[in-house]
Amino acid sequence: MIDLRSDTVTRPSAGMRQAMAEAEVGDDVFGEDPTVNRLQQRVAAMLGKEAALFVPSGTMGNQTCIKVHTQPGDEIIAESGAHVFNYETGGAAFLSSVQVHTISGRLGVMSVDAIKRAVRPALYYMPRTRLICLENTHNRAGGTIYPIESIREISAFARNEKIRLHLDGARLWNASAATGIPPAEYASSVDSLSVCLSKGLGAPVGSVIAGSAEFISDARHYRKIFGGGMRQAGVLAAAGLFALDHNLSRLTEDHAKAAFLASGISTIPGVDIDMQSVQTNIVIMSVERTGRSPDEILAQLRARGVFFSMGNYMGLRAVTHLDVSMDDVRKAVSVAHEVLG
Ligand code: TLP
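Note that the coordinates shown come from a computational prediction; the quantities given were computed from them, not determined experimentally.

Trainee: Quick question: what am I supposed to make of the nonpolar core here?
Mentor: Side chains of a nonpolar character, in soluble globular proteins, are inclined to be buried together. In this structure, Leu39, Phe54, Ile115, Ile132, Leu134 and Leu193 are the most contacted members of the largest nonpolar core, which totals 53 residues. The element that contributes the greatest number of residues to this core is helix 11 (residues 234-246), accounting for 6 residues. In this structure, Ile2, Leu4, Met285 and Ile297 belong to the second largest nonpolar core, which totals 28 residues.

Trainee: I tried to follow the sheet that holds strand 11 (residues 309-310) on my own but got confused; where do I start?
Mentor: Two modes of strand pairing occur in sheets, parallel and antiparallel, and in both the strands are linked by backbone hydrogen bonds. Across the sheet, which stays open at both edges, the 3 strands sit in the order 9-12-11 with antiparallel pairing between neighbours. Of all the strands in the sheet, the pair left with one neighbour each is strand 9 (282-286) and strand 11. Summarising the sheet, strand 11 and strand 12 (residues 315-319) pair through 2 bridges and their orientation is antiparallel. Bridge assignment links Ser309 to a residue of strand 12, and that residue is Arg317. Seen against the sheet, helix 12 (residues 251-265) touches strand 9 and strand 12 and runs at an angle of roughly 15° to strand 9.

Trainee: What should I look at first to understand the packing of aromatic side chains in this one?
Mentor: For any pair of aromatic rings, geometry is given as the distance between the ring centres together with the angle between the planes. Evaluation of the coordinates by the stated rule reveals 2 aromatic pairs. When the ring of Tyr124 is compared with that of Tyr125, the centres are 5.2 Å apart and the planes differ by 80°; the resulting orientation is edge-to-face. The burial state of Tyr124 is the same as that of Tyr125; both residues are exposed. Ring geometry for Tyr222 and Phe226: centres 6.4 Å apart, planes at 40°, overall tilted. A residue is classified by how much of its surface remains accessible, and Tyr222, at 23% relative accessible area, is partly exposed. The cationic tip of Arg330 hangs over the ring face of Phe260; the distance from NZ or CZ to the ring centre is 5.7 Å.

Trainee: Mind showing me how you'd approach the side chain of Thr320 here?
Mentor: Summarising the element assignment, Thr320 is placed in the loop between strand 12 and helix 14 (326-340). According to the relative accessible area criterion, Thr320 is buried, its value standing at 0%. Discounting residues that sit within four places of it in the chain, Thr320 has contacts with Leu4, Asp7, Asp254, Lys257, Ala258, Asn281 and Val329.

Trainee: Help me understand the site of the ligand, please; the structure alone is not making it clear to me.
Mentor: For the ligand, the set of nearby residues contains 14 residues, the closest of which are Ser6, Gly58, Thr59, Asp168 and Arg171. Thr59 is positioned such that a nitrogen or oxygen atom in its side chain is 2.6 Å from an oxygen atom of the ligand. One of the side-chain nitrogen or oxygen atoms of Lys199 is found 3.0 Å away from an oxygen atom of the ligand. Examining the composition of the shell around the ligand, we find that 3 residues originate from one element, helix 3 (residues 58-69), more than from any other. When its residues are assigned to classes, the shell around the ligand shows 1 nonpolar, 7 polar and 6 charged.

About the cut-offs
Residues numbered from 1 in each chain as written. Predicted model: local features only at pLDDT ≥ 70, side-chain atom pairs only at ≥ 80, totals over all residues. Heavy atoms only, no water. Core = buried A, V, L, I, M, F, W, Y, C linked by side-chain atoms within 4.5 Å. Buried < 20%, exposed > 50% of the residue type's maximum accessible area, 1.4 Å probe, protein only. Helix = DSSP H or I, 4+ residues; strand = E, 2+ residues; numbered from the N terminus. Pairing = 2+ DSSP bridges. Contact = heavy atoms within 4.5 Å. Axes fitted to C-alpha atoms, helices over the stretch in contact; angles between N-to-C directions. Phe/Tyr/Trp six-rings, centres within 6.5 Å; stacked < 30°, edge-to-face > 60°. Lys NZ or Arg CZ within 6 Å of the ring centre and 35° of its normal. Near = heavy atom within 4 Å. Polar contact = N/O pair within 3.5 Å; in protein donor to acceptor, adjacent residues only side chain to side chain. Nonpolar A, V, L, I, M, F, W, Y, C, P; charged D, E, K, R; others polar.

Written out as structure tokens, the structure is:
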């Protein structure tokens, strides 16, 4: 089976499992788990932020940050394909009672002009624009990278308007690996961010959010309310530390696999891939012009041992990761030609 549904499908390696088994632990609700504390300090330092907090998932990370930044009735701005808007089960409405004002971007990138137009004037009968959420890399747009200049421009505008800026950096590691720009440089423009350990880095569980010490102290409060106060979580944090030690520098291999996959599949008649969107480890392909349903195509690929997932409208998604080899990717391309050619 060649599983390209997501980079979340990886299984912890033998070395990672050993690190988990040997982790020194304590009760993290008392702040006494040394391995969790080490992970938090390490990620805070990598991101150049005062403090960080280990959370069970990317969703909890983003939603906790939204909660800390906003008050009920506020409005947050996000790109229309954003994870916080599409795939977090309406969490912003459910948990924070805020509404999302969406803006269509190009390859997931919102222009500062479009953001300016979306910000509400200070009138008592309008919602207050409190937060802007960016996503880097942008999942639904195809793992696209937010240009650092755009982030800086949006940041300058947001600071001036006293609007907070959050970055969903579930795959910020991929953006950094591709551009060579350190994660801390991206992070310096935003008030808060979340990064994932369970995607390209291969840990079984976990994300980390980072920001000022005051922000993280509030986030710890809401993480507890949301049910995310964990006890001997050092077993999980150890997997994250192992991932940071061993799996960061290899992310560019996943990008090479995705580029190979995209160029191999893009020659199939009726399959459309915007090659400009293939920047990291995600390939989004439209199968609309084949005249066949994405579900039927997915089932036929699956019957031949190749697993893709649903992408955009009439689209499929394939994601490369550390548990698929270049050989697997070659095989997947030839199976895609059999099924779609
Ligand atoms: N993304 C998952 C699915 O939810 C779509 C995937 O397979 O890609 N931010 C971004 C940009 C993400 O891609 C994801 C997960 C999350 C946040 C949420 O992380 P988890 O799944 O840990 O809650």
